[in-house]
Amino acid sequence: MRIDNRAANDLRSVKITPNYTAYAEGSVLVEFGNTKVICTASVEPGVPQFLKGTGKGWVTAEYGMLPRSTHTRIKRDKAANSGRTQEIQRLIGRSLRAVTDMKILGERQVVVDCDVIQADGGTRTASITGGFVALGLAFKFLVDQKMLLSFPLTDYVAAVSCGIIQKEPRLDLSYDEDSTADVDMNFVMTGAGKFVEVQGTAENIPFSEEQMAQMITLARKGHDTLFNIQESILGDFFKRPRK
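Residues take numbers from 1 onward in each chain, read along the sequence in its written order. Only residues with pLDDT of 70 or above have their local features reported here, since the model is predicted, and side-chain atom pairs are shown and tallied only from 80 upward, although totals for entire chains, interfaces and linings are computed over all residues. Only heavy atoms go into the side-chain values, all of them from the structure, while hydrogens and water stay out.

1. Some remarks on the side chain of Glu-231
Strands are runs of DSSP state E lasting at least 2 residues, helices are runs of H or I lasting at least 4, and numbering of each runs from the N terminus. The topology assignment puts Glu-231 in helix H6 (residues 209–234). Identification of polar contacts relies on pairs of N or O atoms within 3.5 Å, with a donor-acceptor requirement for protein atoms, meaning one able to donate a hydrogen and the other able to accept it, and with residues adjacent in sequence counted only if both atoms are side-chain atoms. At 2.9 Å, the side chain of Glu-231 and the backbone nitrogen of Arg-240 are in polar contact. By definition in these notes, contact holds between two residues if any of their heavy atoms fall within 4.5 Å. The residues touching Glu-231, leaving out its near neighbours within four places in the chain, are Tyr-156, Lys-239, Arg-240 and Arg-242.

Laid out in structure tokens, this is it:
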């Protein structure tokens, strides 16, 4: 058993609370165990310069950790400018764009802000999973307001981490596991079972093809649960395409 008494193939307790803030077109609080992230989706008129006149929209993301979201205080300016922060927000943006029909969205931009209020591992995976629900709620707002004629999502998307600790593949690593893992991987997948992105690193010991296959199996199991949680919020107006 693990530190929190989970089996190797168990997610932490995952909860997504919709409409968490009052003003954003879409918002959620997403919780993966003790990791908590507020995700808000804001609709803005216009698009970046390279898309003007194309009739296509854009989805982008920003990510940040509050100063005391970790065991020691993070300086705001350092967090905003770090390479890690830029890498994560680009990953979130790519993941959300992978399931968005930009032509249906039209020449408007949606900015998904992911603010970590408490970190215990898996902040990027929680941000993608919750950010997708916030984005879906923002699209519902646009459809309800008759600003869009149809729903611009093509599929669901979520993310989960896997790793190898003491030769054992495990799903959804907390910080204590992540910080000591021999292998650390993040899987971003669609509801149809396709990969958007796989990030993997052997921190100490190289991993085999068999271990890679074991982590993919764990990731698929975790994603099935995450998609069900997302669909419990979005399913009334956008069903997950089945494989």
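From this point, the discussion proceeds with the structure in view.
2. Some words on the environment of Leu-234
Along the chain, Leu-234 falls in helix H6. Through-space distance from the C-alpha of Leu-234 to that of Lys-140 is 8.9 Å; in sequence the pair is 94 residues apart. With near-sequence residues (within four places) excluded, Leu-234 lies in contact with Phe-132, Val-133, Gly-136, Leu-137 and Tyr-156.

3. Re the sheet that holds strand E4 (residues 58–65)
The pairing criterion is simple: DSSP has to find at least two bridges between the two strands. An order of E1-E2-E3-E5-E4 is seen for the 5 strands of this open sheet, with the pairing classed as mixed. The open sheet has two free edges, formed respectively by strand E1 (14–18) and E4, since each of these has just one partner strand. On average, each strand axis in the sheet is inclined to that of its neighbour by 20°, with strand direction left out of account. One ladder, built from 7 bridges, connects strand E2 (residues 26–32) with strand E3 (residues 35–45); its direction is antiparallel. Considered in E3, the bridge of Glu-31 is made with Lys-36. Helix-sheet contacts for helix H4 (residues 123–144) involve E1, E2, E3, E4 and strand E5 (108–118), and the interaxial angle to E3 is about 35°. Helix axes are fitted to C-alpha atoms over the stretch in contact, other axes to C-alpha atoms as well, and angles between N-to-C directions run from 0 to 180 degrees.

4. Thoughts on the packing of H4 against H6
The interhelical angle for the contact between H4 and H6, taken along N-to-C directions, is 20°, at an axis separation of 10 Å. Here H4 lies roughly parallel to H6, going by the angle between them. Crossing geometry of H4 relative to H6 is assigned as right-handed. Side by side, H4 and H6 meet where Thr-129, Phe-132, Val-133, Gly-136 and Leu-137 of the first sit next to Leu-226, Gln-230, Ile-233 and Leu-234 of the second. Here roughly perpendicular refers to angles of 65 to 115 degrees, roughly parallel to angles under 35, roughly antiparallel to angles over 145, and oblique to all remaining angles. By definition, turning the near helix anticlockwise from the far helix through less than a right angle yields a left-handed crossing, and turning it clockwise yields a right-handed one.

5. Quick look at the sheet that holds strand E9 (residues 195–202)
Strands pair in a sheet through their backbones, by hydrogen bonds, and they do so in one of two ways: parallel or antiparallel. Pairing is antiparallel in the open sheet, where 4 strands are placed in the order E7-E6-E8-E9. Among the strands making up the open sheet, the edge pair consists of strand E7 (168–171) and E9. Strand-to-strand twist of the sheet, defined as the mean angle between neighbouring strand axes without regard to direction, takes the value 15°. Where strand E6 (residues 157–165) meets E7, 4 bridges bridge the pair, whose relative direction is antiparallel. Note on E7: the bridge partner recorded for Cys-162 is Leu-171.

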